[in-house]
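Below are the chains, spelled out letter by letter.
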Amino acid sequence: MMAPEIEEICALCGETYPYYQVQRCYRCGKLYCKNCTALNEDHQVICLNCFRRMISPRGLKSKYAQLSIYLARRAKYGNHVTLSFKRIEEIIGDRLPYSAYHYNHWWKNIRGRSPSEDWLTTGWTAQEVNLENQEVTFQRKE
């Protein structure tokens, strides 16, 4: 008789994973799936919550943080997703700015600039923007 596989729950996305697919954050000590973690400059595993606090130590939460959480959860279903601007507004709980609807530049993958920092942190990039159809395709980096 085989022993049952031990499962753990990711502290960020709440999904259940086999024990060997979760990692412990070196800062908070909680268990997270690989979609909800990153490596810091010292190659230590850090959860996206702690990483976000390091980037914005005053606790300022980006309006687009919910989009990064959505994309982190979405990673287990595939490496790309196309979202309408309306769906993104539902996810973030707020309206996108005028420039998101009218300028491709707003969707560029630029480190240190909100909102792109939020999706880049979770391993996604904005690959294709269609302003006419009001949708963007995100691609997950391997």
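Above this note sits the structure.
The structure displayed is predicted, hence computed values, not measured ones.

Draft legend 1. Representation of the packing of aromatic side chains. Enumeration over the complete set of coordinates arrives at seven aromatic pairs. Taking the centre distance of 5.8 Å and the plane angle of 70 degrees together, the rings of Y64 and W106 count as edge-to-face. Of this pair, Y64 sits in the loop between α1 (48-55) and α2 (65-74) while W106 is found in the loop between α4 (98-102) and α5 (116-121), placing the two residues 42 residues apart along the sequence. Of the two residues, Y64 and W106, both sit in the buried class. When the ring of F85 is compared with that of W107, the centres are 5.1 Å apart and the planes differ by 20 degrees; the resulting orientation is stacked. Of the two residues, F85 is situated in helix α3 (residues 85-92) and W107 in the loop between α4 and α5; the sequence distance between them amounts to 22 residues. Through successive ring pairs, a cluster of aromatic residues spans Y64, F85, Y101, W106, W107, W119 and F138.

Draft legend 2. Structural detail: the packing of α2 against α3. Put simply, α2 and α3 touch, their axes get as near as 8 Å, and they point 105 degrees apart. Taken together, α2 and α3 sit at an angle that is classed as roughly perpendicular. Residues Q66, L67 and Y70 of α2 form the contact with α3, whose own contacting residues are R87, I88, I91 and I92. Split into classes, the residues belonging to the contact of α2 with α3 amount to five nonpolar, one polar and one charged.

Draft legend 3. Broad picture of the environment of F138. Looking at the element boundaries, F138 is found in strand β9 (residues 135-140). On the basis of relative accessibility, which here comes to 0%, the residue F138 falls in the buried class. A sequence separation of 13 residues divides F138 from T125, and the C-alpha atoms of the two residues are 5.4 Å apart.

Draft legend 4. How the structure looks around the nonpolar core. L67, I88, L96, W107, W119 and F138 are the most contacted members of the largest nonpolar core, which totals 21 residues. When contributions to this core are tallied by element, the ones reaching two or more residues are α2, β7 (80-84), α3, α4, α5, β8 (124-130) and β9. The element best represented in this core is α3, accounting for four residues. The contacts of I88, once residues within four sequence positions are left out, are L67, L83, L96, W107, V136 and F138. Grouped together as the second largest cluster of nonpolar side chains are 17 residues, V22, C25, C33 and C50 included.

Here is what the cut-offs are and how they apply
- Residues numbered from 1 in each chain as written.
- Predicted model: local features only at pLDDT ≥ 70, side-chain atom pairs only at ≥ 80, totals over all residues.
- Heavy atoms only, no water.
- Phe/Tyr/Trp six-rings, centres within 6.5 Å; stacked < 30°, edge-to-face > 60°.
- Helix = DSSP H or I, 4+ residues; strand = E, 2+ residues; numbered from the N terminus.
- Buried < 20%, exposed > 50% of the residue type's maximum accessible area, 1.4 Å probe, protein only.
- Axes fitted to C-alpha atoms, helices over the stretch in contact; angles between N-to-C directions.
- Parallel < 35°, antiparallel > 145°, perpendicular 65-115°, else oblique.
- Contact = heavy atoms within 4.5 Å.
- Nonpolar A, V, L, I, M, F, W, Y, C, P; charged D, E, K, R; others polar.
- Core = buried A, V, L, I, M, F, W, Y, C linked by side-chain atoms within 4.5 Å.

Everything listed here is a matter of coordinates, which is why it stays silent on function.
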